[in-house]
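# Structural features, examined
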Amino acid sequence: MRAALAPGVRLLRALPRDSRYRGLTLVLTFLSYTSYHLSRKPISIVKSQLHLNCSALGPNPHNDSNSTTWCSWAPFDGDNYKELFGALDNAFLVAYAIGMFISGIFGERLPLRYYLSGGMVLSGLFTALFGLGYFWDIHVLWYFIIVQVCNGLVQTTGWPAVVACVGNWFGKGKRGLIMGIWNSHTSVGNILGSLIAGVWVSSAWGLSFVVPGIIIAVVGIICFFFLVEYPEDVDCNPPLHHMAADENPGGVTTSEKDPEAVISNEGPLSLSGQSSVDHSKSSKEPAEEPEAISFFGALRIPGVVEFSLCLLFAKLVSYTFLYWLPLYIVNVAHFGATEAGNLSTLFDVGGILGGIFAGLISDYTGGRATTCCVMLVVAAPMLFLYNHVGQNGIGVSVAMLIICGALVNGPYALITTAVSADLGTHESLKGNAKALSTVTAIIDGTGSVGAALGPLLAGLISPTGWNNVFYMLIAADVLACLLLARVVVKEARGWCGPMARQRG
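## Here we look at the packing of aromatic side chains
We describe a pair of aromatic rings using the distance from one ring centre to the other and the angle between the two ring planes. Following the criterion strictly, the structure yields 27 aromatic pairs and no others. Summarising the aromatic geometry, the rings of Phe 92 and Tyr 96 are spaced 6.0 Å apart at their centres and angled 15° between planes, so their arrangement reads as stacked. Of this pair, Phe 92 and Tyr 96 are both found in helix α4 (residues 81–109), 4 residues apart, which corresponds to roughly one turn of the helix. For the pair formed by Phe 92 and Tyr 96, the shared burial category is buried. Judged by centre distance (5.3 Å) and plane angle (55°), the ring pair of Tyr 328 and Phe 470 falls under tilted. With a gap of 142 residues between them, Tyr 328 in helix α13 (residues 304–333) and Phe 470 in helix α18 (residues 466–483) connect regions that are remote in the sequence. Overall, Phe 470 belongs to the buried group, its relative accessible area being 4%. Taken together through their ring pairs, the aromatic side chains of Trp 73, Phe 76, Tyr 81, Phe 85, Phe 130, Tyr 134, Phe 135, Tyr 143, Phe 144, Trp 205 and Phe 209 make up a single cluster. The ring centre of Trp 324 lies 4.3 Å from the NZ or CZ of Lys 47, which sits over that ring. Geometry around Phe 224 places Arg 113 over its ring, the cationic atom sitting 5.0 Å from the centre.

## Points about the packing of helix α2 (residues 17–40) against helix α10 (residues 207–226)
Packed helices, taken two at a time, are described by the angle their axes make and the gap between the axes. Closest axis-to-axis distance for the α2/α10 pair is 9 Å, and the angle between their directions is 155°. In terms of their interaxial angle, α2 and α10 are classed as roughly antiparallel. α2 and α10 meet at a crossing whose hand is left-handed. Contacts between α2 and α10 pair Leu 24, Leu 28, Leu 31, Ser 32, Ser 35, Tyr 36, Leu 38 and Ser 39 from the former with Pro 212, Ile 215, Ile 216, Val 219, Ile 222, Cys 223 and Phe 226 from the latter.

## Regarding helix α9 (residues 185–200)
Helix length check: α9 (16 residues) gives 23 Å between terminal C-alpha atoms against 22 Å at 1.5 Å per residue, within 8%. If you check which residues of α9 are buried, you get His 185, Thr 186, Ser 187, Gly 189, Asn 190, Ile 191, Gly 193, Ser 194, Ile 196, Ala 197 and Gly 198.

## What to know about the pattern of salt bridges
Applying the stated criterion across every chain yields a total of 5 salt bridges. Across the pair Asp 89 and Lys 47 runs a salt bridge whose closest N-O atoms are separated by 2.7 Å. One end of the pair, Asp 89, is in helix α4; the other, Lys 47, is in helix α3 (residues 42–50), and 42 residues separate them in sequence.

## What about the nonpolar core?
Among the nonpolar cores identified, the biggest contains 118 residues, and Phe 76, Phe 144, Leu 383, Tyr 386 and Leu 473 are the most heavily contacted of them. Looking at which element gives the most residues to this core, the answer is α13, with 16 residues. When residues no more than four places from it in sequence are discounted, the contact partners of Phe 76 are Leu 50, His 51, Tyr 81, Leu 84, Phe 85, Leu 88, Leu 141 and Phe 144.

## Some words on the packing of α4 against helix α6 (residues 141–154)
Contact pair α4 / α6: the axes reach a minimum separation of 7 Å and the direction vectors enclose 25°. Taken together, the axis directions place α4 and α6 in an arrangement best described as roughly parallel. When the axes of α4 and α6 are compared, the crossing they make is right-handed. Side by side, α4 and α6 meet where Leu 84, Ala 87, Leu 88, Ala 91, Phe 92, Ala 95, Tyr 96 and Gly 99 of the first sit next to Leu 141, Phe 144, Ile 145, Gln 148, Val 149, Asn 151, Gly 152 and Leu 153 of the second. The class makeup of the residues in the contact of α4 with α6 is 12 nonpolar, 4 polar and no charged.

So, how was this worked out
- Residues numbered from 1 in each chain as written.
- Predicted model: local features only at pLDDT ≥ 70, side-chain atom pairs only at ≥ 80, totals over all residues.
- Heavy atoms only, no water.
- Phe/Tyr/Trp six-rings, centres within 6.5 Å; stacked < 30°, edge-to-face > 60°.
- Helix = DSSP H or I, 4+ residues; strand = E, 2+ residues; numbered from the N terminus.
- Buried < 20%, exposed > 50% of the residue type's maximum accessible area, 1.4 Å probe, protein only.
- Lys NZ or Arg CZ within 6 Å of the ring centre and 35° of its normal.
- Axes fitted to C-alpha atoms, helices over the stretch in contact; angles between N-to-C directions.
- Parallel < 35°, antiparallel > 145°, perpendicular 65-115°, else oblique.
- Left-handed = near helix turned anticlockwise from the far one by under 90°.
- Contact = heavy atoms within 4.5 Å.
- Expected span 1.5 Å × (residues − 1).
- Salt bridge = Lys/Arg side-chain N within 4 Å of Asp/Glu carboxyl O.
- Core = buried A, V, L, I, M, F, W, Y, C linked by side-chain atoms within 4.5 Å.
- Nonpolar A, V, L, I, M, F, W, Y, C, P; charged D, E, K, R; others polar.

This is a description of form; function is not addressed.
Right, dumping it as structure tokens:
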């Protein structure tokens, strides 16, 4: 007797062809960037193991010295260990920031599938090489720094490629919500990276890097075999990135809109991406492929500079937490390395919620910049409170970490996903989709400068006290908010115009 068709297969057959491929693209790019962040997280977990307080283990069994760091991993066993950790962080992050500006240019000119999968395999190699330093008994600082530099460069292949792929498949109407949910890969990767690294951090910390390295390489190979870059490649309909004036539910006609407005009040576009019949037919017709946009041409797109500089300071705060939160919990709350790593994942849980919330609100209001600005304003006092009362009991610590994670990572997630895709398909480009990877790289590359500065400043400031580190983070949040002031004013004017006409 033959069994009935599996329920999952029946569901897939019921879905439209376009939806199946869109779902495949979302899943593959989600897994890809989850593995990228999974491979970046172990260093923050392993730091506390590289420099241990060995008092509980007694004197050094080899020479009977009274050193409290005899069981630490040289060269991180000295009093300057925080500066050395800062050097490791910045070896990766500076290379990542520099490489990101170049990566987008290559991403526009190379097949995204090859570019992404090749970068993932190389990322796996260099992540594993860091961990192999444990098994090869390497105690030379320059080995770890060179591996971090190489890893930072090859990891720049990830973000422009995955955002370009998703932007090619999804229109703007529901982009904030879709990408808000999709962008949870960042936090999911951080959580999985923390948990995987925590398994071996106290026994064989090298495996905390080797296992994530294997994972990202395997996912890269899967992407090579299954990722589809453009809807046209599989005879699907491309999404509609801009709507006609009479279809705009916001009530603002084309002539009334600011010609430089970064965000327009566009209505939702169905996930199937269906446009008019003429549009569907024209998408099937071969057309001359447009030239990729230049670096300076991308900078002239309205809003790119403002959001890039805002992301610099927003990412400074986020990456300081990414690299230093477990060590802060160990030093202030006096948890062990594994417990601190597990507790730090709550910050990323908040980041998932914040990214979804920011995308949903920005879709509903049409105000990407305003959504970011409000969350940044609220984040500043929350950071102050977490530093002063966040360790007063496990319940308070859990709640504050989730709230701070949502407020800090919400704007960061929105800018790097929906805003980047919006600007990469801006109406001033006249349908040229060859700007998406370059714009994404410029925005994220500028943000990566902040990502490099944050851990560096934390390493330099933390010896003077953790309070000063949090004052630096609060100042960065305020500056990020101020840099969006011009775009927020434009969005407010766009809302006030229709309201004034309705009252009149």
